[in-house]
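Survey of secondary and tertiary structure
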Amino acid sequence: MMQKDVIIIGGGAAGFFAAINIAAQNPSLKVAILERGKEGLSKVKVSGGGRCNVTHAEFIPQELVQNYPRGEKELLGPFHQFMTGDTIAWFEKRGVPLKIEEDGRMFPVSNSSQTIIDCFLNEAEKHQVEVFYSHSVKSISNENDRFQIETSQGRFSSKKVLVATGSNPKIWNLLENLGHTISQPVPSLFTFNITDERIKDIPGVVAKNVEIKVLNTNLWSEGPLLITHWGLSAPSILKLSAYGALELAKREYKFQIEVNFIKQSVEDCLEALKALKQDLAKKAVFKSTQFDVPKRLWHKLVLASYMDEQTRWADVNKMQLEALASQLTQAIFSVNGKSTFKEEFVTAGGVNLKEVNFKTFESKYIKNLYFAGEVLNIDAVTGGFNFQNAWTGAYIAAKAIVNSQ
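Residues numbered from 1 in each chain as written. Predicted model: local features only at pLDDT ≥ 70, side-chain atom pairs only at ≥ 80, totals over all residues. Heavy atoms only, no water.

1. With respect to the overall build of the protein chain
The helix and strand inventory of the protein chain stands at 13 helices and 21 strands. Expressed as lengths along the three principal axes of its C-alpha atoms, the size of the protein chain is roughly 85 × 40 × 35 Å. For the protein chain, with 405 residues in total, the buried portion stands at 55%. Charge separation in the protein chain, taken as the distance between the mean sites of 46 positive and 43 negative side-chain charges, equals 2 Å. (Helix = DSSP H or I, 4+ residues; strand = E, 2+ residues; numbered from the N terminus. Buried < 20%, exposed > 50% of the residue type's maximum accessible area, 1.4 Å probe, protein only. Lys, Arg positive; Asp, Glu negative; His and termini not counted. Charge placed at Lys NZ, Arg CZ, Asp CG, Glu CD.)

Here you go:
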């Protein structure tokens, strides 16, 4: 039986961040990380296409929380304690400057997630955090004010435990056994599978700013839209998948969306098309791309409006004009399934937020048991927000653990 002061279960972003901050603030504490994999920080490695999207350049807590479909209310207080600016300062102090990209995402200046991983491994070594790899946790019990943890390779005992295992069903089961409630996990951040002539054979086409609604719901979003080999992706879709995670799971990922490619009303679009019919009378509609719609997409929408490549504006009848206006502003697509968004899978679900004290990230039921990251029922849209939740929760839990010795 190995005796420790603090055991962190999970060697990911939140786990390492918590361990380093605990050991740095109180060097006398024996801190250990138990990681089931052969190496840790696997999500850090693949995030942002291998560049690690550390956080997002949003510096107002009230604005930042709006990116969390689950956790918005609970994170407001914590973000006043440890926020984006604190994250930037923490990494810069350790020789890892960050940069802001046009869309607000923040990456290490090195453009490599390895920089973040090396920083964590160096800090862990410097502050004598022990990391036990290939230690899959089998059981957690709480006896005589100490936690007993059995892993695939041995037994550990500690006064305090922080769980930072992300979306791990086995750990959620162990936490249920201890008395916590787990909100049913469902996927978040996924792309939509769509088979439709209008987007067939044009992967890579981006409509820069669209509006999307999920029919028969209140779900909607706006932003860039990417046509892929299997359907639709990009921020507008990922945002919908995050906010609609529970609703879309209920529908077994079979539903309809309405896309407004030009963010105009169908009436305004029709008036504009009537003017074009006069102005471009002799030209072919197919070749007269309008409204900043990408050329290949315009071709598809024209063909879907009962016209061919030779149809001239002068010859377009009322029905064809109305059909084109409808395709541009209220195109209906049937979604049949989802695909994981790169390796950046996120899960909605986890420890019920009512059972956690968000001033300390400690369990309300079990003294000295803390949580950080996605093990809680908190998830965000894409763009560095899930990592910011991990840093904030880990930092506040670390501080609480150190102060309660």
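2. What to know about the domain arrangement of the protein chain
Taken as a whole, the protein chain is organised into domain 1 (2–186 + 346–403), domain 2 (188–255) and domain 3 (266–331). Once you take the C-alpha centre of each, domain 2 and domain 3 turn out to be 24 Å apart. In this assembly, eleven residues from domain 2 lie in contact with eight residues from domain 3. When domain 2 packs against domain 3, close to 720 Å² is buried across both sides, 63% of that on carbon and sulfur atoms. Inspection of the region where domain 2 meets domain 3 yields zero salt bridges. Along the contact surface separating domain 2 from domain 3 lie four residue pairs in polar contact (both at pLDDT 80 or more). Class assignment for the residues of the side of domain 2 that touches domain 3 results in six nonpolar, one polar and four charged. (Domains from an automatic or database assignment. Contact = heavy atoms within 4.5 Å. Buried area = accessible area lost by both parts, 1.4 Å probe. Salt bridge = Lys/Arg side-chain N within 4 Å of Asp/Glu carboxyl O. Polar contact = N/O pair within 3.5 Å; in protein donor to acceptor, adjacent residues only side chain to side chain. Nonpolar A, V, L, I, M, F, W, Y, C, P; charged D, E, K, R; others polar.)

3. Re helix α10 (residues 266–279)
Taking 1.5 Å as the rise per residue, α10 with 14 residues should run 20 Å; its terminal C-alpha atoms sit 20 Å apart, in good agreement. The elements touched by buried residues of α10 are α12 (318–329). (Expected span 1.5 Å × (residues − 1).)

4. Details of the state of the cysteines
This model, assessed by the stated rule, comprises zero disulfides. For Cys-52, which is in no disulfide, the shortest distance to another cysteine sulfur is to Cys-119 and amounts to 11 Å. What makes Cys-52 buried here is its relative accessible area of 0%. Its relative accessible area of 6% is what places Cys-119 among the buried residues. (Disulfide = S-S within 2.5 Å.)

5. Some details on unusual backbone geometry
Of note in this structure, Leu-41 is not a glycine but carries a positive phi near 55 degrees. The topology assignment puts Leu-41 in the loop between β2 (31–34) and α2 (42–50). Given a relative accessible area of 2%, Leu-41 falls into the buried group.

6. Quick look at the pattern of salt bridges
Summed over the entire model, instances satisfying the criterion amount to 18 salt bridges. In this structure, Lys-43 engages Glu-374 in a salt bridge whose closest nitrogen and oxygen atoms are separated by 3.3 Å. Highlighted residues: Lys-43 in helix α2 and Glu-374 in the loop between β21 (369–371) and α13 (385–403), separated in sequence by 331 residues. When its relative accessible area of 31% is taken as the criterion, Lys-43 is described as partly exposed. Across the pair Lys-99 and Glu-101 runs a salt bridge whose closest N-O atoms are separated by 3.8 Å. For Lys-99, a relative accessible area of 25% gives the class partly exposed. Judged by its relative accessible area of 22%, Glu-101 falls in the partly exposed class. A network of salt bridges, in which partner residues are shared, links Arg-51, Lys-99 and Glu-101.

7. Some points on helix α5 (residues 84–93)
All of the buried residues in α5 are Thr-84, Thr-87, Ile-88, Trp-90 and Phe-91. Seen along its axis, α5 keeps its buried residues to an arc of 160 degrees; they face one direction. At the C-terminal side of α5, Gly-95 shows a positive phi close to 80 degrees. (Arc of directions from axis to C-beta.)

8. Things to note about the pairing of strand β16 (residues 331–336)
Taking every second residue as pointing to the same face, the buried face of β16 carries Ala-331, Phe-333 and Val-335, while none of Ile-332, Ser-334 and Asn-336 on the other face is buried. Sheet analysis places strand β15 (residues 254–260) next to β16, joined by six bridges and oriented antiparallel. Bridge pairing in β16 links Phe-255 to Val-335. (Pairing = 2+ DSSP bridges.)

9. Things to note about the sheet that holds strand β5 (residues 105–108)
Pairing is antiparallel in the open sheet, where three strands are placed in the order β3-β5-β4. Unpaired on one side and paired on the other, β3 (55–56) and β4 (98–100) mark the two borders of the sheet. Sheet topology places β4 next to β5; three bridges connect them, and they run antiparallel. Bridging from a neighbouring strand, Lys-99 pairs with Phe-107 of β5.

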